[in-house]
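Here is what each chain is made of, one letter per residue.
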Amino acid sequence: MSCRKGCCGHALLLTSSEVDLLKRLGQTPFLPVASKRDRETPVYLEEPEGQTMQEAILGLSLKGLLQLDYDIPLQGFDYRAYEAYPLHGSMALTAHGQSILEQIEIQGIEEEGESC
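So, a few notes on the structure that sits alongside this text. Being a predicted model, the structure only gives us computed values, none of them experimental. (Residues numbered from 1 in each chain as written. Predicted model: local features only at pLDDT ≥ 70, side-chain atom pairs only at ≥ 80, totals over all residues. Heavy atoms only, no water.)

### Quick notes on the overall build of the protein chain
The number of helices and strands found in the protein chain is 3 helices and 6 strands. Listed by position from the N terminus, the elements making up the protein chain come as β-β-α-β-α-β-β-α-β. Going through the 116 residues of the protein chain one by one, you find that 37% of them count as buried. Across the protein chain, contacts joining residues at least 24 apart in sequence account for 64% of those joining residues at least 6 apart. Accessible surface, the protein chain: about 6800 Å² in total, of which carbon and sulfur atoms supply 49%. (Helix = DSSP H or I, 4+ residues; strand = E, 2+ residues; numbered from the N terminus. Buried < 20%, exposed > 50% of the residue type's maximum accessible area, 1.4 Å probe, protein only. Contact = heavy atoms within 4.5 Å. Areas by Shrake-Rupley, 256 points an atom, 1.4 Å probe, with all protein chains shown as cover.)

Now the structure itself:
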């Protein structure tokens, strides 16, 4: 886990997968996401070796850093790889997520146990 100190000295714990996804969304503002009808199983299949990034997506969403929108699919994106998932949508950073990403890029992050 990595730590990003926010304002007022509060630490935000992020996994390496969460940091990777934040950085990816910093390069590409909208990424595809899919889910089963329950909307509780987000899937992003654009990672190597079929990794779904489900835990990273859920973690960032619960921390208010990522918005999932199953009602707004990416125009022009080929969702054929996501056929097993009936809901096709997009994900993007929230304003807070963008702020945290900027802090990471400017100040870096600390590994857990290093003064978090």
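More follows now that the structure is in view.
### What about the packing of aromatic side chains?
Tallied over the full model, the rule gives 3 aromatic pairs. A ring pair is formed by Phe77 and Tyr79, whose centres lie 4.8 Å apart and whose planes are at 75 degrees; its orientation type is edge-to-face. Grouped by ring-pair contacts, the aromatic residues Phe77, Tyr79 and Tyr82 constitute a single cluster. (Phe/Tyr/Trp six-rings, centres within 6.5 Å; stacked < 30°, edge-to-face > 60°.)

### So, helix H3 (residues 95–107)
Under the 1.5 Å per step criterion, the end-to-end length of H3 is 18 Å for 13 residues, consistent within 8% with the ideal 18 Å. Where H3 is concerned, the buried positions are Gly97, Ile100, Leu101 and Ile104. Within H3, the buried residues cover an arc of 100 degrees as seen down the axis, which keeps them to one side. For H3, exposure combined with an orientation more than 90 degrees from the buried face picks out Ala95, Ile106 and Gln107. Phi turns positive one or two residues past the end of H3, at Gly108, with a value near 80 degrees. (Expected span 1.5 Å × (residues − 1). Arc of directions from axis to C-beta.)

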